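Spelled out from the first residue to the last, the chains are:
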Amino acid sequence: MSSSRRLFFALTLPDALQQQVIRWRAEAFTPEAGRPVAAANLHLTLAFLGDVSAQKETALKKLAGRISQPGFSMVLDDLGHWPRPGVVWLGTRRAPRGVLQLAELLRSQAARSGCYQSPMPFHPHITLLRSATQPVAVPPATPGWTFSADAFALYQSVFENGRTRYHPLEQWPLAH
Ligand code: 2AM
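Predicted model only: the values in this text are computed from it and were never measured.

Caption draft 1: The pattern of salt bridges, seen in detail. By the definition in use, this model includes five salt bridges. The partner of Asp-77 in a salt bridge is Arg-94, with the nearest N and O atoms 2.6 Å apart. With Asp-77 in the loop between strand S4 (72-76) and strand S5 (78-82) and Arg-94 in the loop between strand S6 (87-91) and helix H3 (97-112), the pair connects residues that are 17 residues apart, well separated along the chain. The class for Asp-77 is buried, based on a relative accessible area of 15%. For the salt bridge of Arg-93 with Asp-78, the shortest nitrogen-to-oxygen distance reads 3.8 Å. Linking Arg-93 in the loop between S6 and H3 with Asp-78 in strand S5, this pair joins segments that are 15 residues apart in sequence. Looking at Arg-93, the relative accessible area reads 56%, which means it is exposed. Taking relative accessible area as the criterion, Asp-78 reaches 15% and is therefore assigned buried.

Caption draft 2: Focus on the packing of aromatic side chains. One pass over the structure, following the stated rule, counts eight aromatic pairs. Pairing Phe-9 with Trp-172 gives two aromatic rings, centres 6.0 Å apart and planes at 55 degrees, and the pair type is tilted. With Phe-9 in strand S1 (residues 4-12) and Trp-172 in strand S10 (residues 163-173), the pair connects residues that are 163 residues apart, well separated along the chain. Comparing Phe-9 with Trp-172, the two get one shared label, buried. Aromatic side chains Phe-152 and Trp-172 sit 5.3 Å apart centroid to centroid with 25 degrees between the ring planes, which places their arrangement in the stacked category. On the criterion of sequence distance, the pair formed by Phe-152 in strand S9 (residues 151-160) and Trp-172 in strand S10 is long-range, its members being 20 residues apart. Residue Trp-172 is classed as buried on the basis of its relative accessible area of 8%. Counting every residue linked through ring pairs, the aromatic cluster contains Phe-8, Tyr-155 and Tyr-166.

Caption draft 3: Region of the structure containing H3. Compared with the 22 Å implied by 1.5 Å per residue over 16 residues, the 22 Å span of H3 between its first and last C-alpha is a close match. Of all the positions in H3, only Gly-98, Val-99, Leu-102, Ala-103, Leu-106, Arg-107, Gln-109 and Ala-110 are classed as buried. Along H3, the residues classed as buried sweep out an arc of 160 degrees about the axis, all on the same side. The outward face of H3, more than 90 degrees from its buried face, is lined by the exposed residues Arg-97, Glu-104 and Arg-112. Residues of H3 that are buried in the fold lie against S1, strand S3 (43-53), helix H2 (54-65), S4 and S9. Where H3 terminates, the next one or two residues include Gly-114, which has phi positive at roughly 95 degrees.

Caption draft 4: Looking closely at the site of the ligand. The ligand sits among Phe-8, His-43, Thr-45, Phe-48, His-125, Thr-127, Arg-130 and Tyr-166. A distance of 2.5 Å separates an oxygen atom of the ligand from a polar atom in the side chain of Thr-127. Its free accessible area being 480 Å², the ligand has 66% of it covered by the protein chains. Comparing atom positions with the cavity grids shows the ligand to sit within the largest pocket. For the shell around the ligand, the secondary structure elements donating two or more residues are S3 and strand S7 (125-130).

Rules used in this analysis
Residues numbered from 1 in each chain as written. Predicted model: local features only at pLDDT ≥ 70, side-chain atom pairs only at ≥ 80, totals over all residues. Heavy atoms only, no water. Salt bridge = Lys/Arg side-chain N within 4 Å of Asp/Glu carboxyl O. Helix = DSSP H or I, 4+ residues; strand = E, 2+ residues; numbered from the N terminus. Buried < 20%, exposed > 50% of the residue type's maximum accessible area, 1.4 Å probe, protein only. Phe/Tyr/Trp six-rings, centres within 6.5 Å; stacked < 30°, edge-to-face > 60°. Expected span 1.5 Å × (residues − 1). Arc of directions from axis to C-beta. Contact = heavy atoms within 4.5 Å. Near = heavy atom within 4 Å. Polar contact = N/O pair within 3.5 Å; in protein donor to acceptor, adjacent residues only side chain to side chain. Areas by Shrake-Rupley, 256 points an atom, 1.4 Å probe, with all protein chains shown as cover. 1 Å grid on protein atoms, 1.4 Å probe; cavity = no way out; pocket = protein on both sides within 12 Å on 5 of 7 lines; lining within 4 Å. Sits in = over half its atoms within 2 Å of the grid points.

Here is the structure:
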């Protein structure tokens with residue numbers, strides 16, 4: 001019997017940066033602003049795949065393994081609030097070409113493999129708060145962390161015991 005899993009490609013935040021972000025977040029937002037994403041769940045989605053069969057997952061992993069791209073760095077100097085999905089996010093004012101190229105490639109491979117891709121333009125972001133549907137006082141600036149990406153990963157989204165967790169399934173290096 002074949003089963004499907006809910007998958008996405010993403011950049012992993014290094015542990016130290018996850019900790020810095022959650023410490024800052026606790027000061028920067030009131031508890032009413034939204035529901036904080038757990039430190040271990042902080043990531044930057046490159047391509048959302050939805051529910052994927054085992055066969056399609058194997059094909060997508062093979063395609064991902066053929067990607068040869070240099071790593072890149074980005075300054076996390078942007079913040080925003082999308083009231084409709086109820087998301088407060090951390091991002092960058094100047095997305096490096098590397099992140100746009102990698103996302104474009106993964107998204108076009110996903111589309112060609114039959115995974116629906118949103119027509120909305122890719123906006124690289126790290127979701128900080130969810131259920132943020134009311135107006136939120138967004139701080140004027142971030143500490144301006146630098147995030148260096150030297151790999152990307154395929155994640156499974158698992159909902160168990162009332163919470164969502166993201167499990168890395170496989171990781172591929174970005175060349176130096
Ligand atoms: P979000 O953080 O902006 O909600 C796992 O759910 C990841 O995939 C999250 O980063 C989420 O983005 C993204 N995601 C979930 N559903 C999506 C969809 N339908 N289209 C694009 N991205 C989605």
